[in-house]
Each structure stands twice: as structure tokens, then as C-alpha cells.
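# Report on the structure
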Amino acid sequence: MSFVEFHDVKKTYHMGEVEIPALQGVNFEIEKGEFCVIVGASGAGKTTILNILGGMDTLTEGKVLLDGKEISSYGKKQLTDYRRYDIGFVFQFYNLVGNLTALENVELASQICSDPLDAGQVLADVGLADRASNFPAQLSGGEQQRVAIARALAKNPKLLLCDEPTGALDYNTGKAVLKLLQDTCRKKGVTVVVITHNQAITAMADRIITVKNGTVTDMRKNEHIVPVEQIEW
Ligand SMILES: Nc1ncnc2c1ncn2[C@@H]1O[C@H](COP(=O)(O)OP(=O)(O)OP(=O)(O)O)[C@@H](O)[C@H]1O
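Here the structure is a predicted model, which is why all the values come from computation and not from measurement. (Residues numbered from 1 in each chain as written. Predicted model: local features only at pLDDT ≥ 70, side-chain atom pairs only at ≥ 80, totals over all residues.)

### Digging into the overall build of the protein
- Tallying secondary structure elements over the protein gives six helices and 10 strands in all.
- For a compact globule of 233 residues, the expected C-alpha radius of gyration is about 17 Å, and the protein comes in at 17 Å, within 12% of that figure.
- In terms of its C-alpha atoms, the protein occupies a principal-axis envelope of roughly 50 × 45 × 35 Å.
- Looking at the 233 residues of the protein, the share that counts as buried comes to 41%.
- The contacts of the protein with a sequence gap of at least 6 include a subset with a gap of at least 24, amounting to 69%. (Helix = DSSP H or I, 4+ residues; strand = E, 2+ residues; numbered from the N terminus. Rg over C-alpha atoms; globule rule 2.2 N^0.38 Å. Buried ≥ 20, exposed ≤ 12 C-beta atoms within 10 Å, placed from the backbone. Contact = placed C-beta atoms within 7 Å.)

Written out as C-alpha cells, the structure reads:
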């Protein structure tokens, strides 16, 4: 059994009379501790996959397992607990609380879960020990994304889900954030899933899942992992 399993997952959105088949039978698995990149063009279904895996959306058909538990059978209350305790999220636009300091943003996350890590320590781990008392507006985009990553990690999640985490960052800052995510995966053993439209990023992944028109067209383990410093796009 794998850590994450998608079995023939289908998701249809209804917009009035119109049916939009966002996922049309998605199958893949991810092993514990892997750095996994899900890649595909706009509209391929990446965000839908991440939202289902993160318990933010429900599926129409199929089965999703995390760590042996069938999350696709969870009701509302169970999904709330799942999002709260098991999953860390990192978004393209950071989503920090503007009137809280960097440290307070991280503490906010640790307050809602059962087994949090020390907020100050996690902030130090992402390289921001000296910016703990700064507000988001006083930090660069890359620093804000580091705070967001620290906030997600402070929950001590089973799975770190990242939706285009470098989408709003410049080239080098984006690379540094990817490196931080990969280092976190390696050092802490956290399973990390990154979704992106950027094919180049797949070179640094342990596992590459390619999505097209709501299905997985390719899934492979990367035999030649390239350090992010050597990747260009
Ligand atoms: N809430 C929704 N209601 C209706 N249709 C939706 C909804 N969310 C997504 N879709 C549709 O489902 C399909 C897959 O969308 P999804 O956002 O998963 O793609 P994506 O690969 O993440 O794209 P992008 O890279 O542009 O974010 C698209 O056709 C999209 O328009």
C-alpha cells in the first residue's frame, strides 16, 4: 500500500445545465517522504486533484487513500479534522494575515492542531529567525512564502500540498523556495506535493505525475534527479 493512492477518481462540476468533467478517472500513487511534482497545462485538473487530496473538495466517483485511510468516504466533520491536523497548505499568493507578525502567523497554525512544532524554531528552519517580528508587508515575496511554508510545517502535517508555490516569485527566489521545500522533504521526511505548469521543475522531483485533460498520462520515478540550481527555464 502506498502513502497516497488515487483510484479512478472522477470529478464533474455542474454549472447550470453544463457539466464540466474536471477529472475523468485519475490514478496515481505517492510514497511516504517523496518530493512529488504534478505537472500539466492550465485546466488539466491539477488544482482539482490537490483540493480533493487536501480535503477541500469532494469527488464524484472513485477512491482516495492517505496513509491507509479512505479520505474520500469522510463526512464534513472528519474532513475538517483532516484539513486541520493532517495537511499543510502552501498557496501561490502566501495568504498570510497582514496584521500579524511572521511569528504570529506561524503560531496561528500551531494553535489549531494537536501536535505542533515550536513556531520560532520552524521560522528559524526556513531562514527567518531575524524577521520574526516583521509584518508580511515588510517582507519580500520570497520571505512571505517562507513564512507560509513555516506556517504549514508548524502543524507537523502528514502531507505538504503546494499550489504553484513559485508562481508569484522571480526566477531565483522561486528556485530558493523550491530548494527549501525539497530540503524540508529530505531532512524532515515530510511528503511534499507540488503542482505546477512548469515542466522544468519536474527534473528535481522524486516522482513526476503528468496530468492532461483530467487524466494522468504519465507517472514515473525520476532516475536522474537534478539539483534545482542546475535546472533552467
Ligand atoms: N469550482 C469549479 N466549478 C466549475 N468548473 C471548475 C471548478 N474548478 C475547476 N473547474 C474546471 O475544471 C477543469 C480543471 O480545472 P483545474 O483548476 O483543476 O485545472 P488546473 O490544471 O489546476 O489549471 P490551472 O493551472 O489553470 O490552475 C477546468 O476546466 C476548470 O474550468
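### Describing the site of the ligand
- Among the 13 residues in the neighbourhood of the ligand, the closest are listed as Tyr13, Ala22, Ser42, Thr47 and Thr48.
- Looking at the shell around the ligand, the elements with two or more residues in it are strand E1 (4–15), strand E2 (18–30) and helix H1 (46–53).
- With three residues, the top contributor of residues to the shell around the ligand is H1.
- Classifying every residue of the shell around the ligand gives five nonpolar, seven polar and one charged. (Near = placed C-beta within 6 Å. Nonpolar A, V, L, I, M, F, W, Y, C, P; charged D, E, K, R; others polar.)

### So, the confidence of the model for the protein
- Taken over all residues, the pLDDT of the protein has a mean of 95, while the share at 70 or more is 100%.
- Both confidence scores are given for the complex: pTM 0.94, ipTM 0.94. (pLDDT = per-residue confidence, 0-100.)

### Looking at the nonpolar core
- Within the largest apolar cluster, 65 residues are counted, with the highest numbers of intra-cluster contacts made by Val106, Ala150 and Val192.
- Counting residues per element, this core draws most heavily on helix H5 (residues 141–154), which supplies seven residues.
- In contact with Ala150, not counting residues within four places along its chain, are Val106, Val122, Leu123, Val126 and Leu128. (Core = buried A, V, L, I, M, F, W, Y, C linked by C-beta atoms within 7 Å.)

### Comments concerning the packing of helix H3 (residues 102–111) against H5
- Following both chains from N to C, one finds H3 and H5 inclined at 25 degrees, their axes separated by 7 Å at the closest point. Viewed along their axes, H3 and H5 adopt a mutual orientation that is roughly parallel. In the crossing of H3 with H5, the sense of the turn from one axis to the other is right-handed. Where H3 approaches H5, its residues Ala102, Asn105, Val106, Ala109 and Ser110 are matched on the opposing element by Val147, Ala150, Arg151 and Ala154.
- Here the contact of H3 with H5 is composed, by residue class, of six nonpolar, two polar and one charged. (Axes fitted to C-alpha atoms, helices over the stretch in contact; angles between N-to-C directions. Parallel < 35°, antiparallel > 145°, perpendicular 65-115°, else oblique. Left-handed = near helix turned anticlockwise from the far one by under 90°.)

### Considering the UniProt feature "domain: ABC transporter" (unreviewed entry) in the protein
- Mapped onto this structure's residue numbering, the UniProt feature "domain: ABC transporter" (unreviewed entry) falls at residues 4–231.
- Taken as a whole, residues 4–231 contains 30% helix and 29% strand, while its terminal C-alpha atoms sit 27 Å from one another. (UniProt positions renumbered as here; feature names shortened; annotations may be inferred.)

### Digging into the sheet that holds strand E7 (residues 159–163)
- The sheet built from six strands is open, its strands ordered E6-E7-E8-E3-E9-E10 with mixed pairing. Each edge of the open sheet is held by one strand with a lone partner, namely strand E6 (87–90) and strand E10 (215–221). Strand-to-strand twist across the sheet, computed as the mean angle between neighbouring axes with direction ignored, equals 15 degrees.
- Examined bridge by bridge, strand E3 (residues 35–39) and strand E9 (residues 207–212) share four bridges and lie parallel to one another. Each residue of the ladder has a partner; that of Val39, found in E9, is Thr210.
- Sitting on the sheet, helix H6 (residues 171–188) is in contact with E3, E7 and strand E8 (191–196), with an inclination near 155 degrees to E8. (Pairing = 2+ DSSP bridges.)

### Digging into the sheet that holds E2
- Read from one edge to the other, the open sheet built from four strands follows the order E2-E1-E4-E5, with strand pairing classed as antiparallel. Both edges of this open sheet fall to E2 and strand E5 (69–70), since each of them pairs with a single strand only.
- In this sheet, E5 lies alongside strand E4 (residues 61–66) in antiparallel orientation, the contact comprising two bridges. Counted as the bridge partner of Leu66 is Lys69 from E5.

### Looking at the environment of Pro21
- Along the polypeptide, Pro21 turns up in strand E2.
- It is 14 Å that separates the C-alpha atoms of Pro21 and Gly62, two residues lying 41 residues apart in sequence.
- Filtering out sequence-adjacent residues up to four positions away, Pro21 remains in contact with Thr12 and Gly214.

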